[in-house]
Amino acid sequence: MKYLSRIALVVLSLILALPVLSARELHVVPQPAYMDIAAEGEIVVTPKTTIVVVDELWNPAEQFAADMQEYFDAEKPMRTSKRGKGIKIRLDKFVPAEGYEMTVSEEEGILIIGGSEAGVYYGLQTLRQIIITNDGKVPYGFIADEPAFAYRGAHLDVSRHFFSVEDVKRYIDILAAHKLNRLHWHLTDDQGWRIEIKAYPELTEKGAMRKETLIGHGLEPKWWDGEPYGGYYTQEEIRDVVAYAAKRYVTIIPEIEMPGHSQAALHALPWLGCNEQEVDVWTMWGVTPEVLCAGKETTYEFLENVLKEVIELFPSELIHIGGDECPKDRWKECEHCQAMMKAQGLEHEEQLQGYLVARIEKFLIANGRRMIGWDEILDGGVTDTATVMSWRGLKAGIYAAERGNDVVMTPMTLCYLNFYQTKSQEGEGLQIGGYIPFEMIYAWDPYEGVSDDAKKHIIGVQCNMWSEYLKTMSWVEKMLLPRLAAMAEIQWANERRDAESIRPRMNTFRKFYDACGWNYAPYYFEGRE
Ligand code: ACM
Ligand code: ZN
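Keep in mind that what you see is a predicted model, and the values were worked out from it rather than measured. (Residues numbered from 1 in each chain as written. Chains lettered and ligands numbered in written order. Predicted model: local features only at pLDDT ≥ 70, side-chain atom pairs only at ≥ 80, totals over all residues. Heavy atoms only, no water.)

Colleague: Sorry, what's going on with the overall build of the chain here?
Modeller: Per the secondary structure count, the chain includes 18 helices and 19 strands. Burial status across the chain gives 59% buried among its 529 residues. Sequence separation of at least 24 residues holds for 72% of the intrachain contacts in the chain that already meet a minimum separation of 6. (Helix = DSSP H or I, 4+ residues; strand = E, 2+ residues; numbered from the N terminus. Buried < 20%, exposed > 50% of the residue type's maximum accessible area, 1.4 Å probe, protein only. Contact = heavy atoms within 4.5 Å.)

Structure, rendered in structure tokens:
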């Protein structure tokens, strides 16, 4: 807020120098922290406009030029140059790290000052929205902006259905345009292992393919499609996606599920299980009793070898180890698991999971990374350094934040964007269930129930996209949009959110979706609940 009061002073002098303020409005999503639009005067941006690059900000300039080329359907991207007039971008250490200031005036032209490259990129995203929703006209005025949360995430499940490299890049484009900065990539699960691991080629040779896919909610045989289904990313493809995301200031957090949700790995490498029985890559949705054995040293060796390669591929400080929904039936009957419990002085199987998670966390820390996991990592006794993803509600997140762990809030009832968007479900296709309309997300306060002292541990908010019933990126987009806009308002603007203006802003903002060619659900715009 200190920063914003400084801005307020600067702006006050600017306003006094400007003609009378009018009701000229710009519809930007998420809502900028501060926006003042002059009554008159504007700059028209065309494909011929130059981007003047100071401080070696070539990447944000090139990203913007490419986005604009697509919008203008121009032969060439906008010119970037170290000198000249046009859209000038530069850095200033007084601007918050991911924040920016945009001045549009006769003297300055369009000037965007960022606290970092990412800040400049977000300033250019705001400019892109203004250009697209306002017919290329950028009114004179001043915008100062910064994010409410450092962690602004969206998740994508590529196990239940697989999405190509091109699809994932498209997903990243959508996140970046909403000023999100984390993609949580759910790469492994019971229904398919999707990341090449050189030490264990069987994981993708065998574990990436399932016999068929469950297409109904019912369990009768007729509800499976009978079609073999699979896919995975080579390490080269993973590197390509990571680099693509980084250019859009999105960090990819890879998730390797353990010790539950691992049936695809168990199919590939049966020795990872307690009883070493052969199992199929799973063709059901839900929770399977087949889990990794937590008693055998070979399991830990496997997990560390996999994570070593994952660490090489992903620069993200946080590495997601899953940890959710692990039934303990097999462990109760396993001599290795029982022997490990005895050796470690553990009384029940939940503590054995706590032991596995703590041991993996130690490994990650020794390798310069930090662990994040679903909130079940709290059940077996959590360490002080783990980051907790609160999905079963808010309670686990509140508990973790109060005890000093960092938390990402992603409660199922508000953040699972694979849930239905309308009560009637008409036109929504078969989905997994639930009901989360745009307004429900928008009304949510992620700090609810958190003490003032613990608020600093709520590092962010995330929406999740589980893909059991989402076969194509087009369907994913329809589930994501426009609800991601509500999510982004929380992530970027939170307490500055403006419930009064969100509907008119969205009505303009949909032009941006149209221009980008993204599929979005019509329900919110139709007023359908
Ligand atoms: C989860 O939805 N099982 C994290
Ligand atoms: Zn076991």
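Colleague: Just checking my understanding: could you explain the coordination of the zinc ion (ligand 2) for this structure?
Modeller: For a metal with four tetrahedral donors the ideal donor-metal-donor angle is 109.5 degrees, whereas six octahedral donors ideally subtend 90 or 180 degrees. Bound to the zinc ion (ligand 2) are the protein donor atoms C274 (SG), C293 (SG), C334 (SG) and C337 (SG), situated 2.3 Å from the metal. For the zinc ion (ligand 2), the four donor atoms are set out with angles of 104 to 113° between them, so the coordination reads as tetrahedral. With a relative accessible area of 0%, C337 lands in the buried category. (Donors = N, O, S within 2.8 Å, 3.2 Å for Na, K, Ca; no water. Tetrahedral: all angles 85-135°; square planar, octahedral: opposite > 155°, others 65-115°.)

Colleague: In this structure, what is going on with the packing of aromatic side chains? I would like to understand it.
Modeller: Aromatic ring pairs: the centre-centre distance and the angle between the two ring planes describe each pair. Applying the stated criterion to the full structure yields 28 aromatic pairs. Here Y513 and Y520 contribute two aromatic rings whose centre-to-centre distance is 5.5 Å and whose plane-to-plane angle is 45°, an arrangement assigned as tilted. With respect to burial, Y513 and Y520 carry one shared label: buried. Each member of the aromatic cluster is reached from another via a ring pair, and the members are F438, Y442, F509, F512, Y513, W518, Y520, Y524 and F525. (Phe/Tyr/Trp six-rings, centres within 6.5 Å; stacked < 30°, edge-to-face > 60°.)

Colleague: Sorry if this is basic, but what is going on with helix α10 (residues 335-344) here?
Modeller: In an α-helix, one turn spans 3.6 residues, which is why side chains three or four residues apart end up on the same side. Inspection of α10 places C337, M340 and M341 among the buried residues, and these make up the whole buried set. On an axial view of α10, the arc spanned by its buried residues comes to 100°, and they lie on one face. Within α10, the exposed residues directed more than 90 degrees away from the buried face are E335, K342 and A343. On its buried side, α10 packs onto α8 (297-313), α9 (329-332) and α11 (349-366). Directly beyond the C-terminal end of α10, a positive phi value near 70° is found at G345. (Arc of directions from axis to C-beta.)

Colleague: Would you mind showing me how to read the pattern of salt bridges here?
Modeller: Two side chains carrying opposite charge are able to pair once their charged atoms lie near each other. Scanning the model with the defined rule gives 26 salt bridges in all. The shortest N-O distance in the salt bridge between K82 and E56 comes to 3.6 Å. One end of the pair, K82, is in the loop between β3 (80-81) and β4 (87-91); the other, E56, is in the loop between β2 (51-53) and α2 (58-72), with 26 residues separating them in the sequence. Several salt bridges converge on common partners, so that one network encompasses D157, R160, D189 and E468. (Salt bridge = Lys/Arg side-chain N within 4 Å of Asp/Glu carboxyl O.)

Colleague: Sorry, what's going on with the sheet that holds β4 here?
Modeller: Strands belonging to one sheet form pairs held by backbone hydrogen bonds; the direction of such a pair is parallel or antiparallel. Spatially, β1-β7-β5-β6-β4-β2-β3 is the arrangement adopted by the seven strands of the open sheet, whose pairing is mixed. The strands lining the two open edges of the sheet, one partner per strand, are β1 (34-44) and β3. Of the strand pairs in this sheet, β4 and strand β6 (residues 109-114) are connected by five bridges, and their pairing is parallel. Residue pairing across strands places I89 opposite I112, the latter belonging to β6. (Pairing = 2+ DSSP bridges.)

Colleague: In this structure, what is going on with the pairing of strand β16 (residues 370-374)? I would like to understand it.
Modeller: As a general feature of sheets, a regular strand has side chains that alternate between the two faces. Of all the five residues making up β16, four are buried; the element is thus mostly covered by neighbouring parts of the structure. The pairing of strand β15 (residues 318-322) with β16 spans three bridges and is parallel. By the bridge assignment, L318 is partnered in β16 with R370. In terms of strand pairing, β16 meets strand β17 (residues 387-390) through three bridges, oriented parallel. Paired with W374 across the bridge in β17 is M389.

Colleague: Before we go on, may I ask you to explain the confidence of the model for the chain in this structure?
Modeller: Reading predicted coordinates in detail is not appropriate for stretches of low pLDDT. Per-residue confidence for the chain gives a mean pLDDT of 95; residues scoring 70 or more make up 96%. Throughout residues 12-22 the model reports pLDDT below 50, and contacts reaching past four residues in sequence, or to other chains, amount to 12 contacts. (pLDDT = per-residue confidence, 0-100.)

Colleague: Can you help me understand the pairing of strand β19 (residues 458-463) in this one?
Modeller: Within β19, six of the six residues are buried, which leaves the element mostly enclosed by the surrounding structure. As defined by bridge partners, strand β8 (residues 151-157) adjoins β19 across four bridges and the pair is classed as parallel. Across the sheet, the residue bridging to Y151 is G460, located in β19. For strand β18 (residues 407-409) and β19, the ladder comprises three bridges, and the chain directions are parallel. Residue pairing for β19: V408 is matched across the bridge by G460.

Colleague: Would you explain unusual backbone geometry in this entry?
Modeller: With glycine set apart, most residues show a phi of negative sign, and most peptide bonds adopt trans. Here the bond from V29 into P30 is cis, since omega is -5°, no more than 30 degrees from zero. Tracing the chain through its elements places P30 in the loop between α1 (2-17) and β1. The linkage connecting M258 with the following residue, P259, adopts the cis geometry, with an omega of -15°. As for its placement among the helices and strands, P259 is situated in the loop between β14 (251-258) and α7 (263-268). One non-glycine residue with positive phi stands out, namely E325, at about 45°. Topologically, E325 is positioned in the loop between β15 and α9.

Colleague: How should I be thinking about the sheet that holds β16 in this particular structure?
Modeller: Strand order in the closed barrel made by the eight strands is β8-β9-β14-β15-β16-β17-β18-β19, with parallel pairing throughout. Adjacent strand axes in the sheet meet at a mean angle of 30° when their direction is disregarded. (Axes fitted to C-alpha atoms, helices over the stretch in contact; angles between N-to-C directions.)

Colleague: I keep staring at the environment of P522 and nothing clicks. Help me out?
Modeller: Considering the arrangement of structural elements, one finds P522 in the loop between α17 (502-516) and α18 (523-526). Through-space distance from the C-alpha of P522 to that of P504 is 15 Å; in sequence the pair is 18 residues apart.

Colleague: Help me understand the packing of α8 against α11, please; the structure alone is not making it clear to me.
Modeller: The geometry of a pair of packed helices is captured by two quantities: the angle between their axes and the separation between those axes. The N-to-C vectors of α8 and α11 enclose an angle of 40°; their axes lie 11 Å apart at closest approach. Judged by the inter-axis angle, α8 sits oblique to α11. Crossing hand, α8 versus α11: right-handed. Contacts between α8 and α11 involve E297, Y300, L303, E304, L307, K308 and I311 from the former and Y355, L356, R359, I360, F363 and L364 from the latter. Split by residue class, the contact of α8 with α11 holds nine nonpolar, no polar and four charged. (Parallel < 35°, antiparallel > 145°, perpendicular 65-115°, else oblique. Left-handed = near helix turned anticlockwise from the far one by under 90°. Nonpolar A, V, L, I, M, F, W, Y, C, P; charged D, E, K, R; others polar.)

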